[in-house]
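One letter stands for each residue in the lines below.
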Amino acid sequence: MPAKPRNNFSNFQRGGVNDTITRETAKGTRPTAEAPSVYEVLTQVVLYGCKKIIFFDTNLKVGLYLASLFLVSLIGDFVPFPRTYLSRSDNLFNVYFVKMGWAWTLAMTTPFLCLSSFVICCGDRNRFIKHHLTRLFVATAFWFFWTKLFNVIESTYGRCNYKGYHTKVACLKAGNFWNGFDISGHAFILIYSSLVLIEEARPIIGWENIKNYLRNEEYNRTASNVSQLPLKNLSDLEFKNLKNLYEKYTPLIRLCFVGMTMLQLLWDVMLVGTMLYYHKMIEKFISGALAILSWFFTYRYWYANANILPDEPGKGLFSYQTTKPETLPLKRKTSIVYKNTQGNPVPKFMGMPLYAAAGGQSSSSNGGNNKGNNGGENNKMA
């Protein structure tokens, strides 16, 4: 007698259902983010550390600048600080960095601004120049105006320690000393450059979101789905340019951002040296206040106005930076106060009253009286 074929569960098929579909085919077609490589993880760690350094609370940093310029410099006017390497005017950082401070600031800021702005403008050169690159021209104009004004004030309202020399150039050329109100150009350039670096680096915030938007928007356009992403208003050409430029320039943008962070950190260190060893308090405080006012007028008032060009950093043809809601000060919620019949608070354990409140006590007492009355009546009936 021939043996019956053995039923195999793997060969069992439900009616109308194809169980031979592979797992890859059964997956959803919406793309997902790829697993990050080791290099990408290390890069994100470095970027995270740089963001923590350069994006320290700007309002708090401005307050620290002013307070330090006043207090530390005032102490230095009366009590000389111990001499260090930074006290030497020929130190490496002063000669090759601070004296060419604005050139270094432009050298680090310009590539980052050009690349990041060109990407978020989707390759529109006219928009990139008009809405973003002009910020550096404005900042350079402020730097040039204030530094020249400082020199004019010192030359006009100063005098030589020897008679017969009426100009600063002639006095110094003869080996003499020119006494004038020397507003600190170093304090100005260090503070102003730091604030410009901080503001111009802000496009890096949320930069990784663009990669996710590109992936999901490409899927929506291919599948003819209704998109609710920030890239939905871009034309096909703008979307294509954005994708190509983002993939091409993101590594350079990250590298420039790290360089900007290191330079901003150096400016803060050199500012401490200026506070300790150079100029008088009033000369440093005035220059620092002018640097902060110039920054506030441009980045917090001028560029924040949508009706006036140029735009603020990070503003392009689409929005990719998610803003966090404002954090309100922590305030303990007022709990219900339970009071007894005398009006005194009822003690609580783990937030719950140990016994009933006034209303509860009165009702329970009434209930007890009623119970007693009923009990008496029952006894009488018995």
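What you are looking at is a predicted structure, and each value in this text was computed from that prediction instead of being measured.

Q: What's the story with the overall build of the protein in this structure? I'm lost.
A: Scanning the protein from N- to C-terminus turns up 12 helices and 4 strands. Put simply, the protein has 382 residues, and 33% of those count as buried. In the protein, once contacts between residues fewer than 6 apart in sequence are set aside, the share between residues at least 24 apart is 72%. Accessible surface, the protein as shown: approximately 24700 Å² in total, 61% of it carbon and sulfur.

Q: How should the layout of surface pockets be read in this particular structure?
A: Empty space among the atoms can be located by rolling a probe the size of a water molecule over them. The computed volume of the second largest pocket comes to approximately 560 Å³. Around the second largest pocket, the lining is made up of 21 residues, and of these Val98, Lys99, Gly185, His186 and Ile189 lie nearest the centre. Looking at the lining of the second largest pocket, the elements that each hand over two or more residues are helix H5 (101–120), helix H6 (125–156) and helix H8 (185–200). Each residue belonging to the lining of the second largest pocket can be placed in one class, and the counts come to 10 nonpolar, 8 polar and 3 charged.

Q: Can you walk me through the packing of aromatic side chains in this structure?
A: Aromatic rings considered in pairs are described by the distance between their centres and by the relative angle of their planes. For the coordinates displayed, the defined rule picks out 22 aromatic pairs. Look at Phe55 and Phe257: their rings are 6.0 Å apart centre to centre, the planes differ by 25°, and that puts the pair in the stacked class. Highlighted residues: Phe55 in the loop between helix H2 (38–54) and helix H3 (58–78) and Phe257 in helix H10 (residues 236–277), separated in sequence by 202 residues. The class for Phe257 is buried, based on a relative accessible area of 0%.

Q: Is there a simple way to explain the side chain of His132 in this structure?
A: Within the fold, His132 resides in helix H6. Within the structure, His132 has its side chain in polar contact with the side chain of Arg135 (distance 2.9 Å). Of the polar contacts made by the side chain of His132, one reaches the backbone oxygen of Lys315; its length is 2.7 Å. If sequence neighbours within four positions are ignored, His132 has contacts with Leu113, Ser117, Ile120, Cys121, Arg127, Pro310, Asp311, Glu312, Gly314 and Lys315.

Q: What should I look at first to understand helix H9 (residues 209–222) in this one?
A: Helical periodicity: at 3.6 residues per turn, an α-helix aligns residues three or four positions apart in one direction. Helix length check: H9, at 14 residues, gives a terminal C-alpha distance of 20 Å against a target of 20 Å (1.5 Å per residue), a fit within 8%. Buried residues belonging to H9 abut H10. Two residues or fewer after H9 comes Ser224, characterised by a positive phi angle close to 60°.

Q: I would appreciate a short explanation of the packing of H6 against H8 in the present structure.
A: For any two helices packed against each other, the geometry is given by the interaxial angle and the distance between the axes. Here H6 crosses H8 at 170°, and the two axes come no closer than 11 Å. Relative to H8, H6 is oriented roughly antiparallel. Here H6 contributes Arg135, Ala139, Phe142, Trp143, Trp146, Thr147 and Phe150 to the contact with H8, which in turn contributes Gly185, Phe188, Ile189, Tyr192 and Glu200. By residue class, the composition of the contact of H6 with H8 is 8 nonpolar, 2 polar and 2 charged.

Q: What is the right way to read the state of the cysteines from this model?
A: For the coordinates displayed, the defined rule picks out 1 disulfide. In this structure Cys122 is a free cysteine whose sulfur lies 7.5 Å from that of Cys121, the closest cysteine sulfur available. Here Cys122 falls in the buried class, since its relative accessible area comes to 4%. Residue Cys256 stays outside any disulfide, its sulfur separated by 9.5 Å from that of Cys114, the closest cysteine. Since its relative accessible area comes to 16%, Cys256 is described here as buried.

Q: What's the story with empty space enclosed by the protein in this structure? I'm lost.
A: A complete count under the given rule lists 1 cavity of 30 Å³ or more for this structure. What lines the largest cavity is Leu86, Asn91, Asn94, Val98, His186, Met270, Gly273, Thr274 and Tyr278. It is H10 that provides the largest number of residues to the lining of the largest cavity, a total of 3 residues. By residue class, the composition of the lining of the largest cavity is 4 nonpolar, 5 polar and no charged.

Q: Can you walk me through the confidence of the model for the protein in this structure?
A: Detailed reading of the predicted coordinates is not advisable wherever pLDDT is low. Overall, the prediction assigns the protein a mean pLDDT of 82, with 76% of residues at 70 or greater. Throughout residues 8–28 the model reports pLDDT below 50, and contacts reaching past four residues in sequence, or to other chains, amount to 5 contacts. For residues 375–382, every residue scores under 50 in pLDDT, and the model assigns this stretch 0 contacts once sequence neighbours within four places are set aside.

Q: Would you explain H5 in this entry?
A: Here H5 is 20 residues long and its end C-alpha atoms lie 28 Å apart, about the 28 Å a rise of 1.5 Å per residue gives. Helix geometry: H5 is bent most strongly at Thr109, by close to 25°, with proline Pro111 lying one to four residues after it. Among the residues making up H5, those that are buried are Gly101, Trp102, Thr105, Thr109, Phe112, Leu113, Leu115, Ser116, Ser117, Phe118, Val119 and Ile120. Structurally, H5 contributes buried residues whose contacts are with H6, H8 and H10. Where H5 ends, the next residue or the one after it, Cys122, has phi of about 55°, a positive value.

Cut-offs used in this document
Residues numbered from 1 in each chain as written. Predicted model: local features only at pLDDT ≥ 70, side-chain atom pairs only at ≥ 80, totals over all residues. Heavy atoms only, no water. Helix = DSSP H or I, 4+ residues; strand = E, 2+ residues; numbered from the N terminus. Buried < 20%, exposed > 50% of the residue type's maximum accessible area, 1.4 Å probe, protein only. Contact = heavy atoms within 4.5 Å. Areas by Shrake-Rupley, 256 points an atom, 1.4 Å probe, with all protein chains shown as cover. 1 Å grid on protein atoms, 1.4 Å probe; cavity = no way out; pocket = protein on both sides within 12 Å on 5 of 7 lines; lining within 4 Å. Points joined across faces, edges and corners; volume = space filled by probe spheres on them. Nonpolar A, V, L, I, M, F, W, Y, C, P; charged D, E, K, R; others polar. Phe/Tyr/Trp six-rings, centres within 6.5 Å; stacked < 30°, edge-to-face > 60°. Polar contact = N/O pair within 3.5 Å; in protein donor to acceptor, adjacent residues only side chain to side chain. Expected span 1.5 Å × (residues − 1). Axes fitted to C-alpha atoms, helices over the stretch in contact; angles between N-to-C directions. Parallel < 35°, antiparallel > 145°, perpendicular 65-115°, else oblique. Disulfide = S-S within 2.5 Å. pLDDT = per-residue confidence, 0-100. Bend = angle between axes of the 7 residues up to and from the residue.

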